[in-house]
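# Coordinate analysis (summary)
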Amino acid sequence: MSIRGQVAIVGVAESDLGHVPHMSAIDLMAQAAKRALDEAGIDKSEVDGLFSASAYYYMPTLSLGAYLGIVPKYTDSTTIGGSSFVSHLLHAAAAIQAGLCHVALICYGSTQRTDSGKLVSMSEMSPFEEPFGSMYPISSYALAARRHMAQFGTTSEQLAEVAVAARQWAMKNPKAFKRDPITVEDVLASPMISSPLHKLDCCLVTDGGGAVVMTSAERAKSLKKKPVYLLGAGEAHFHRSILEMPDLTETAAKISGQRAYEMAGVKASDIDLVMLYDAFTINVLLFLEDLGFCRKGEGGAFVQNGRIAPGGELPVNTNGGGLSYCHPGMLGIFLIIEAVRQLRGECGDRQLAQCDVALVHGNGGVLSSQVTAILSREPD
């Protein structure tokens with residue numbers, strides 16, 4: 001059984017974003033869900049597949065189903081960190097293709113900025129790390145960044161280029177939390193949080209929610225919005241704690257990406273838009289390398305001179321990403337939302353001149369779970 005082009009995304013939406021003190025995490029899920037279903041022209045009563053992950057709710061699809069009044073035929077609360085929702089794309093597509101459900105609703109919501117202004121995490125610290133007082137998760141990513149520097153000569157200036165590019169995209173996005181311009185010098189002058197990562201190398205902490213609606217490609221033809229098709233997806237992970245990571249400069253994105261490319265029948269050079277989980281600037285370098293956009297160790301040089309910024313050769317994170325747009329604890333669903341909108345041609349000032357095929361890549365834990373999805377305007 002192949003799911004290539006057989007299932008489509010027919011509705012996407014964010015909840016209110018940024019600082020939303022009057023709403024709970026599940027309120028934000030429900031708000032995004034209603035907006036996405038309204039966009040698709042699908043009534044809530046038709047939803048028979050529920051997918052969610054949460055740091056707030058131990059059994060998120062049970063909580064969401066009760067809140068929305070949905071009794072699903074198929075439920076999936078696979079939780080592998082911020083990549084969960086990209087994983088849900090694959091799981092929902094398989095369930096729809098197998099006839100286990102017909103309309104899948106993927107939801108996320110978080111009030112991390114309102115609650116504490118810090119990362120709310122389900123993650124447990126390894127007993128082998130905890131005695132050393134590392135800051136989870138930033139110290140883990142800092143280890144990867146320092147190793148990349150030592151092994152390949154990557155510089156702080158090159159990491160800063162990632163943050164600057166994200167901010168330039170965010171300046172074109174009215175929904176972005178941070179829209180004031182920054183320079184490489186600004187990034188390097190921001191406080192050092194965990195060497196070599198500065199404050200502006202680190203993602204935002206915001207409130208926010210998102211939702212994605214999926215159904216069969218056949219059903220999608222009769223709905224309100226132009227469908228966006230899932231061509232392929234792949235999942236991979238080989239460690240939980242950063243201490244178990246086989247190589248600090250190579251992630252399982254190398255495996256998940258290859259699986260997604262093979263299912264979709266495309267290669268890196270066919271991709272028009274890249275949406276990467278940029279919890280920290282080092283992520284973008286690692287994923288560009290592991291997903292085949294440049295060779296291992298060349299990520300720092302690759303992002304220089306505005307290559308991933310507006311007007312550059314490879315558009316990356318056109319909504320501003322987790323570094324400037326929003327990051328309510330888990331980012332994956334927002335990567336999907338932006339990719340769908342770019343493929344539909346709905347992104348206003350930041351709309352790409354050509355966007356036929358998009359890659360979405362989610363990351364969870366400490367460079368742990370990696371999930372890649374290929375989306376397209378056409379089913380084949």
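Conventions we followed
Position numbers for residues count from 1 along each chain, tracking the sequence in the order it is written. Two thresholds apply to this predicted model, a pLDDT of at least 70 for residue-level local features and 80 or more for giving and counting side-chain atom pairs, whereas whole-chain, interface and lining totals are computed over all residues. As a convention, hydrogens and water are excluded, and side-chain values are obtained from all of the structure's heavy atoms. Paired strands are those between which DSSP finds at least two bridges. A run of H or I in DSSP becomes a helix once it reaches four residues, and a run of E becomes a strand once it reaches two; helices and strands are each numbered from the N terminus. In this analysis an axis means a line fitted to C-alpha atoms, helices contributing only their contacting stretch, and an angle means the value between N-to-C directions, from 0 to 180 degrees. Any two residues whose heavy atoms approach within 4.5 Å at even a single point are treated as in contact. A carboxyl oxygen of Asp or Glu within 4 Å of a side-chain nitrogen of Lys or Arg is what we treat as a salt bridge. To sort residues, take the accessible area from a 1.4 Å probe on protein chains only and compare it with the maximum for the residue type: under 20% means buried, over 50% means exposed, and anything in between is partly exposed. Two rings belonging to Phe, Tyr or Trp (six-membered ring only in the last case) form a pair when the distance between their centres is within 6.5 Å. Interplanar angles under 30 degrees mark stacking, angles over 60 mark edge-to-face geometry, and anything in between is tilted. What a helix should span is 1.5 Å times the count of its residues minus one. Put simply, Ala, Val, Leu, Ile, Met, Phe, Trp, Tyr, Cys and Pro go in the nonpolar bin, Asp, Glu, Lys and Arg in the charged bin, and everything else, Gly too, in the polar bin. Counted as a polar contact is a pair of N or O atoms within 3.5 Å, where, for protein atoms, one must be capable of donating a hydrogen and the other of accepting one, and residues adjacent in sequence contribute only when both atoms are in side chains. For this analysis, a nonpolar core means a set of buried residues of the types Ala, Val, Leu, Ile, Met, Phe, Trp, Tyr and Cys, connected via side-chain atoms within 4.5 Å. Domain limits in this description derive from either an automatic procedure or a database domain assignment.

### A closer look at the sheet that holds strand S3 (residues 74-76)
Strands in a sheet are paired, the pairing made by backbone hydrogen bonds, and the direction either parallel or antiparallel. Here 9 strands make up an open sheet; going across it, the order is S3-S2-S4-S7-S1-S8-S11-S10-S9 and the pairing mixed. Strands with a single pairing partner mark the edges of an open sheet, and in this sheet they are S3 and strand S9 (273-276). On average, adjacent strands in this sheet sit at an angle of 25° to one another, irrespective of strand direction. Looking at chain direction, strand S8 (residues 228-236) and strand S11 (residues 369-376) are connected through 7 bridges and run antiparallel. Looking at the pairing, Gly 232 lines up with Ile 374 of S11. Each of strand S1 (7-14), strand S4 (103-111), strand S7 (207-216), S8, S9, strand S10 (357-364) and S11 touches helix H13 (residues 332-344); the most contacted strand, S1, lies at about 110° to it.

### Examining the pattern of salt bridges
Opposite charge on two side chains lets them pair, provided their charged atoms get close. Per the stated rule, a full pass over the model turns up 19 salt bridges. Between Arg 35 and Asp 16 there is a salt bridge, with the nearest N and O atoms lying 2.9 Å from each other. Of this pair, Arg 35 sits in helix H1 (residues 25-40) while Asp 16 sits in the loop between S1 and H1, and the two are 19 residues apart along the sequence. Residue classification places Arg 35 among the partly exposed residues on the basis of a relative accessible area of 36%.

### A word on the packing of aromatic side chains
Enumeration according to the criterion identifies 5 aromatic pairs in this entry. Their ring planes at 40° and their centres at 6.5 Å tell us that Tyr 56 and Tyr 57 sit as a pair that is tilted. Tyr 56 sits in the partly exposed class, given a relative accessible area of 27%. The class of Tyr 57 is partly exposed, set by a relative accessible area of 21%. Between the aromatic rings of Tyr 325 and Phe 334, the centroid separation amounts to 6.2 Å while the plane-to-plane angle is 75°, which identifies the pairing as edge-to-face. Residue class for Tyr 325 comes out buried when judged on its relative accessible area of 2%.

### Topic: helix H5 (residues 138-152)
Helix length check: H5 (15 residues) gives 21 Å between terminal C-alpha atoms against 21 Å at 1.5 Å per residue, within 8%. Taken residue by residue, H5 has Ile 138, Ser 139, Ser 140, Tyr 141, Ala 142, Ala 144, Ala 145, His 148 and Met 149 as its buried positions. Contact partners of the buried residues in H5: helix H6 (156-170), strand S5 (192-194), strand S6 (197-198), helix H10 (281-290) and S10. A positive phi of about 80° marks Gly 153, the residue just after H5.

### Comments concerning the packing of helix H3 (residues 84-97) against H13
Relative orientation of the contacting elements H3 and H13 amounts to 60°, with a least axis distance of 6 Å. Between H3 and H13, the contacting residues are Phe 85, Val 86 and Leu 89 on the first element and Gly 332, Ile 333 and Ile 336 on the second. Among the residues making up the contact of H3 with H13, the classes are represented as 5 nonpolar, 1 polar and no charged.

### Considering the side chain of Asn 317
Structurally, Asn 317 is set in the loop between helix H11 (299-302) and helix H12 (321-324). Its relative accessible area of 3% is what places Asn 317 among the buried residues. One polar contact links the side chain of Asn 317 to the main-chain amide nitrogen of Leu 276, over a distance of 2.7 Å. Setting aside residues up to four positions removed in sequence, Asn 317 forms contacts with Trp 169, Val 274, Met 275, Leu 276, Asp 278 and Leu 335.

### Concerning the nonpolar core
Membership of the largest hydrophobic core comes to 95 residues, with the highest contact counts inside it found for Ile 9, Val 212, Met 214, Leu 288, Phe 293, Ile 374 and Leu 375. Mapping this core onto the domain boundaries places at least three of its residues in each of domain 1 (7-116 + 207-228) and domain 2 (135-201 + 232-376). Contacts of Ile 9, omitting those with residues within four sequence positions, involve Leu 89, Val 212, Val 213, Met 214, Pro 227, Val 228, Ile 336, Val 340, Arg 344 and Leu 375. Judged by nonpolar contacts, the second largest core, of 26 residues, contains Val 10, Leu 64, Leu 105 and Tyr 229.

### What about unusual backbone geometry?
Ser 195 connects to Pro 196 through a cis peptide bond whose omega is 10°. Inspection of the secondary structure puts Pro 196 in the loop between S5 and S6. Although it is not a glycine, Asn 305 adopts a positive phi angle of roughly 60°. Looking at the secondary structure, you find Asn 305 in the loop between H11 and H12. A relative accessible area of 76% places Asn 305 in the exposed class. The residue Asn 317 is not glycine, and still its phi comes out positive at about 55°.

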